Amino acid sequence: GRVAIGTGATACIHLLPPLLGQLRQRFPQLDVRVSTGNTLDVLRAVEDNRLDLGLVTLPASGRNLQVEPLLEDAFVALLPPASSLPTGALAPADLAETPLLAFETGSSTRLLIDDWFRRAGQASRPVMELGSIEALKELVAAGLGYSLVPGIAVATEHHRHGLRVQSLTPPLTRTLALVLRRDKPLSRPLQQVLEALRQLR
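Residues numbered from 1 in each chain as written. Predicted model: local features only at pLDDT ≥ 70, side-chain atom pairs only at ≥ 80, totals over all residues. Heavy atoms only, no water.

Focus on the environment of Q25
Item 1. Within the secondary structure, Q25 sits in helix α2 (residues 16-26).
Item 2. For Q25, a relative accessible area of 67% corresponds to the exposed category. (Helix = DSSP H or I, 4+ residues; strand = E, 2+ residues; numbered from the N terminus. Buried < 20%, exposed > 50% of the residue type's maximum accessible area, 1.4 Å probe, protein only.)

What about the pairing of strand β1 (residues 2-7)?
Item 1. The element β1 is largely enclosed, with a buried count of 5 among its 6 residues.
Item 2. Pairing of β1 with strand β2 (residues 31-36), which is carried by 6 bridges, proceeds in the parallel orientation. If you follow V3 over to β2, its bridge partner there is V32.
Item 3. Alignment of β1 against strand β3 (residues 53-57), held across 3 bridges, turns out to be parallel. Its bridge partner lying in β3, G6 is registered against G54. (Pairing = 2+ DSSP bridges.)

So, the pattern of salt bridges
Between side chains of opposite charge, a pair can form as their charged atoms come close.
Item 1. The tally for this structure, following the rule as stated, stands at 14 salt bridges.
Item 2. Across the pair R2 and D31 runs a salt bridge whose closest N-O atoms are separated by 3.1 Å. Remark: D31 occurs in strand β2 and R2 occurs in strand β1; sequence separation between them is 29 residues.
Item 3. In this structure, K137 engages E134 in a salt bridge whose closest nitrogen and oxygen atoms are separated by 3.4 Å. Of this pair, K137 and E134 both sit in helix α6 (residues 133-141), 3 residues apart, which is roughly one turn of the helix.
Item 4. Assessed through its relative accessible area of 29%, E134 is described here as partly exposed.
Item 5. One salt-bridge network, held together by shared partners, links R2, D31 and R33. (Salt bridge = Lys/Arg side-chain N within 4 Å of Asp/Glu carboxyl O.)

Rendered as structure tokens:
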């Protein structure tokens, strides 16, 4: 059977590969197709039945959609090795004078980051906006600024450029959720994929 999943690029790169590898070993006939997009695009595709399942950042809603929170992901600050910023948890005020390399405007991740600054009475003022977390890492490593990224993007690696990873205060988190149409028939292949994803909890 075939299952089509839509998700963001960060989850696609850092969360799904080990899980998809295990599924391939257990069910060699299972054909899982993954496409990436922002939350709104994925929700629309699930509603239109172009995707069987979405793994998206909350908030997510739709009249015909069933939304199941899956896991919390804490953001971290990513800094070049020679950064003059203090070590330890960083607050919005600590980052005010340092160039921000940010996710592109309109993405769920960017909205959460902008809101984190706003709640501290500040505005985020990115000097660059990109859609790729790997590009953000390279630019931070080149000393062009800092970035705020989901923890899963750096959890499984010690980046080859020796980037500094620091927590944030107040904490900034996002919730990843599974999204299905309420009337979606749960075929055996789809059940197998759902069970594997729920183990990420």
